[in-house]
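Residue strings, one per chain:
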There are 2 protein chains.
Amino acid sequence: MGEDKEPMEEVEVLLATSNPGKVKEINAILAPYGIRVKLPEEKVEVEEKGTTFLENAYLKAKAYWERFRLPTVADDSGLVVEALGGYPGIYSSRFYSIDFGGIEEGYTPDEANIRKVLRLLEGKENRRAKFVACALFYDGGEGLFAFGECKGEITLKPEGEGGFGYDPVFRPDGYEVTMAQLSAEEKNRISHRGKAFRRLARLIRRVYREPSPSP
Amino acid sequence: MGEDKEPMEEVEVLLATSNPGKVKEINAILAPYGIRVKLPEEKVEVEEKGTTFLENAYLKAKAYWERFRLPTVADDSGLVVEALGGYPGIYSSRFYSIDFGGIEEGYTPDEANIRKVLRLLEGKENRRAKFVACALFYDGGEGLFAFGECKGEITLKPEGEGGFGYDPVFRPDGYEVTMAQLSAEEKNRISHRGKAFRRLARLIRRVYREPSPSP
């Protein structure tokens, strides 16, 4: 079977988000694969009631697909801390507000989440953690998905101004600084989300290259 | 981009099941696509704690993949009854034993499930229902999935000896008989599981045909 020498046709898909910054971030990752994501015309409310990253990514993609009937990409991600039995996990963005470990009040969500993780890890030897992302492509009843991980440790205090979420307290393996101290390019190169989306992009290119062989 | 004229290489994958009958059934569906599923060397216990068919199929495939480190196919399916708000859904195989609608005792699971659905539909005009299946391929951190549906109605009483589960009380649209009165070939042709696996097979063939294009 010969290699495909023709230039790739660009594939355009919806990104299940209402955040233009996220569209930009994902496009920077996907551009080399000839895939472009676009911002939906309006926000779709999605109840993320799944129990895993895969499920939540699927629920988002499906909700946008059902509203716009266009191939849609979505993702879900979170921080998995060993000594906390995998928490905050799927609760990462609202960890401060859930019962597990006590509610943290009077801060922005990002601050409160970080305070809670640092508090729960106080005095613990094991500060191993990983960011996990699931990126998913859905096109009406069928789809593709890929996971990406970034392993590291929770630092003793927040450092750095970049990124968002838990980035200021996450030091990736092989680095002396936190995720929040990396450039956007460097972060995309090593991040869970970058890995998951590049992996998904390779699957999309394989599936969308040419018509399916029929039996 | 030209058509691929070379014969397809056979793809062999694990089927996340301990049921040799199921291996035979799925192989009959997949043979035209050059895909063969095989029975795992031993059973892996999987807790189906997902909230959707996709999630349960993923949990099964992942559990077998983690045990054998081989590309794995799994499925999950169920009966979705309109007048019961989508129940039995993901609870289809153990519907008789869950609180919703009252527990049904003293019968085989298949019998008890059917008795419960018929009891809950007594006196209801709307007997519309559909079988839904999700077939999923997983290969260590990435995968493909496809859904299949078969729409129809719940009959007033069981008829037919073929199939299993709710087949004796499900009359597919366009048929005068129940799923349990169809031949295995005819059932595969129209069933939710047949549709989902054929759709998944087309995705697998696209992804596994040749090396991925790199950016």
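What counts, and at which threshold
- Per chain, the residues get numbers from 1 upward, laid out in the order the sequence is written.
- By the order in which they are written, chains take letters starting at A while ligands take numbers starting at 1.
- With pLDDT at 70 or above as the cut-off, local features in this predicted model cover only qualifying residues; side-chain atom pairs require 80 or more to be listed or tallied, and sums for whole chains, interfaces and linings still use all residues.
- Side-chain descriptors were evaluated using all non-hydrogen atoms of the structure, hydrogens and water having been removed beforehand.
- Under the scheme used here, helices are H or I runs from DSSP no shorter than 4 residues and strands are E runs no shorter than 2 residues, and both carry numbers assigned from the N terminus.
- Radius of gyration here uses only the C-alpha atoms, and the compact-globule reference equals 2.2 Å multiplied by the residue count raised to the power 0.38.
- Throughout, exposure labels follow a simple rule: accessible area from a 1.4 Å probe, protein chains only, divided by the maximum for the residue type, with under 20% read as buried, over 50% as exposed, and the rest as partly exposed.
- In what follows, residue pairs with any heavy atoms lying within 4.5 Å of each other are defined as contacts.
- The accessible surface values rely on the Shrake-Rupley method and a 1.4 Å probe; as for residues, cover is taken only from the protein chains in view.
- Lys and Arg are tallied as positive, Asp and Glu as negative. Neither His nor the chain termini are counted.
- Here the site of a charge means atom NZ of a Lys, CZ of an Arg, CG of an Asp or CD of a Glu.
- Defined by distance alone, a disulfide is two cysteine sulfur atoms within 2.5 Å.
- By this definition, two strands are paired if DSSP reports at least two bridges between them.
- The set of buried Ala, Val, Leu, Ile, Met, Phe, Trp, Tyr and Cys residues whose side-chain atoms join them within 4.5 Å is what this entry labels a nonpolar core.
- Every residue gets a pLDDT, meaning the predictor's confidence in that residue, from 0 to 100.

Peer 1: An account of the overall build of chain A is needed here, citing residue identities and associated values.
Peer 2: For chain A, the helix and strand inventory stands at five helices and six strands. In sequence order, the secondary structure elements of chain A are arranged as β-α-β-α-β-α-β-β-β-α-α. Its C-alpha atoms give chain A a radius of gyration of 18 Å, near enough to 17 Å, the size a compact globule of 215 residues would have. Projected onto its principal axes, the C-alpha coordinates of chain A cover approximately 60 × 35 × 30 Å. Taking all 215 residues of chain A together, 52% fall into the buried category. Within chain A, contacts between residues separated by at least 24 positions form 54% of all contacts whose residues are at least 6 apart in sequence. When the accessible surface of chain A is totalled, it reaches about 10400 Å², and 48% of it is carbon and sulfur. Charge centroids of chain A, computed over 32 positive and 36 negative side chains, lie 2 Å from each other.

Peer 1: A description of the side chain of aspartate 167 of chain B should follow, citing residues and the corresponding values.
Peer 2: Residue and element names in this part refer to chain B. As for its placement among the helices and strands, aspartate 167 is situated in the loop between strand 5 (142-154) and strand 6 (170-172). Overall, the relative accessible area of 3% leaves aspartate 167 in the buried class. When near neighbours in sequence (up to four residues on either side) are disregarded, aspartate 167 contacts Phe131, Gly162, Thr178, Met179, Ala180 and Lys187.

Peer 1: Could you give an account of the state of the cysteines, naming the residues involved and the relevant values?
Peer 2: According to the stated counting rule, one finds zero disulfides over all chains in the structure shown. No disulfide involves cysteine 134 of chain A; its sulfur sits 13 Å from the nearest other cysteine sulfur, which is in cysteine 134 of chain B. With a relative accessible area of 0%, cysteine 134 of chain A lands in the buried category. This cysteine, cysteine 150 of chain B, is not joined by any disulfide, and cysteine 134 of chain B carries the nearest cysteine sulfur, 16 Å off.

Peer 1: So what's going on with the pairing of strand 5 of chain B? Residues and values would help.
Peer 2: Of all 13 residues in strand 5 of chain B, ten are buried; the element is thus mostly enclosed. Across five bridges, the pairing between strand 5 (residues 142-154) of chain A and strand 5 of chain B is antiparallel. Note on strand 5 of chain B: the bridge partner recorded for glycine 143 of chain A is phenylalanine 145 of chain B. Here eleven bridges tie strand 4 (residues 128-138) of chain B to strand 5 of chain B, and the two strands are oriented antiparallel to one another. Each bridged residue has a counterpart across the sheet, and for alanine 133 of chain B the counterpart in strand 5 of chain B is glycine 148 of chain B.

Peer 1: Can you lay out the nonpolar core for me, pointing to particular residues and giving the numbers?
Peer 2: Within the largest apolar cluster, 46 residues are counted, with the highest numbers of intra-cluster contacts made by Leu144 and Leu200 of chain A together with Leu144 and Leu200 of chain B. Beyond its immediate stretch of four places on either side in the chain, leucine 144 of chain B contacts Gly143, Leu144, Phe145 and Leu203 of chain A together with Ala135, Leu136, Phe137, Leu200, Leu203, Ile204 and Val207 of chain B. Residues Tyr58 of chain A together with Phe53, Tyr58 and Tyr138 of chain B belong to the second largest nonpolar core, which totals 42 residues.

Peer 1: Help me get a handle on the environment of proline 20 of chain B, residues and values and all.
Peer 2: The topology assignment puts proline 20 of chain B in helix 1 (residues 20-30). Counting along the chain gives 30 residues from proline 20 of chain B to glycine 50 of chain B, while the straight-line C-alpha distance between them is 25 Å.

Peer 1: Quick one: what's the story with the confidence of the model for chain A, residue by residue and with numbers?
Peer 2: All names here are of chain A. Counting all residues, the mean pLDDT for chain A is 91, and 93% of those residues have values of 70 or more. Low pLDDT, under 50, characterises residues 1-5; the predicted model gives this stretch six contacts beyond four residues in sequence or across chains. Interface confidence for the predicted complex, expressed as ipTM, amounts to 0.86; the pTM equals 0.89.

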